[in-house]
Amino acid sequence: MMDLKSKIREIPDFPTKGISFKDITTLLKEKDAFRFVINKIISEFKEKNISKVLGIESRGFIMGGALAHQLNAGFVPVRKKGKLPAEKISETYQLEYGMDTIEMHKDALKEDDVVLIHDDLLATGGTANAVYNMVKRVGVKNVYFSFICDLEFIQTPQKKVIQNLNPHILVKY
């Protein structure tokens with residue numbers, strides 16, 4: 001087992017005072033750590049018949065593309081508002097300091113898809129829950145979650161929804 005926490009840099013007071021940012025770029029630059037994370041996630045989902053991996057902007061794109069390749073699945077980028085060119089569906093959600101909106105292409109998923117939603121970090125659960133709501137609106141019934149890190153000390157109603165879906169998590173803070 002690899003000590004992934006030792007591979008993740010913590011940056012105090014970023015992006016605002018009081019936040020300890022978990023920077024996975026230090027994990028990504030180490031080929032053995034990068035490969036270890038991909039292999040751990042693949043081993044969890046290889047028998048689940050994943051047809052689409054949804055990577056949440058922006059760090060979810062990095063692992064999401066590699067996961068989709070290894071799972072022989074398609075990759076769907078979930079982007080911040082205004083970044084996708086074709087017809088899209090969107091979900092607006094509450095942040096600690098306001099509102100935000102994420103989008104994915106309207107034709108990205110079908111009801112019979114088996115979806116893995118991946119991001120680097122589960123904090124309040126707001127973004128992950130917004131993605132889950134979009135996936136449900138399309139009618140997808142088989143949905144899984146994967147995160148590299150979970151900030152367990154943060155608890156919100158949105159995060160509870162995600163926790164009840166048994167997300168795969170590699171590092172807990």
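Residues numbered from 1 in each chain as written. Predicted model: local features only at pLDDT ≥ 70, side-chain atom pairs only at ≥ 80, totals over all residues. Heavy atoms only, no water.

## So, helix H3 (residues 59-70)
Which entries qualify depends on this criterion: A run of H or I in DSSP becomes a helix once it reaches four residues, and a run of E becomes a strand once it reaches two; helices and strands are each numbered from the N terminus. In this analysis, the expected span of each helix is defined as 1.5 Å times one less than the number of residues it contains. Remark: exposure states derive from per-residue accessible area (1.4 Å probe, protein chains only) relative to the maximum for the residue type, with buried under 20%, exposed over 50%, and partly exposed in between. Taken from the helix axis, the directions to the C-beta atoms give the arc we talk about. Contact definition: two residues touch when any of their heavy atoms are within 4.5 Å.
Spanning 12 residues, H3 covers 18 Å between terminal C-alpha atoms, matching the ideal 16 Å at 1.5 Å per step. Among the residues making up H3, those that are buried are Gly 60, Met 63, Gly 64, Leu 67 and Ala 68. Down the axis of H3, the smallest arc covering the buried residues is 140 degrees, so these residues share one side. On its buried face, H3 sits against helix H1 (25-28), helix H2 (31-45), strand S3 (52-56), strand S4 (74-80), strand S7 (114-122) and strand S8 (142-150).

## Quick look at the nonpolar core
As a reminder of what qualifies: To form a nonpolar core, buried Ala, Val, Leu, Ile, Met, Phe, Trp, Tyr and Cys residues must be joined to one another through side-chain atoms within 4.5 Å.
Among the nonpolar cores identified, the biggest contains 27 residues, and Leu 27, Val 37, Ile 50, Val 53, Met 63 and Leu 71 are the most heavily contacted of them. Counting only elements with at least two residues in this core, the list comes to H1, H2, H3, S7, S8 and strand S9 (168-172). With 7 residues, H2 is the largest single contributor of residues to this core. Those residues in contact with Leu 27 that lie beyond four places of it in its chain are Leu 4, Lys 7, Ile 8, Ala 33, Phe 34, Val 37 and Met 63. Counting residues in hydrophobic clusters, the runner-up holds 26 residues, among them Leu 54, Leu 109, Leu 122 and Val 143.

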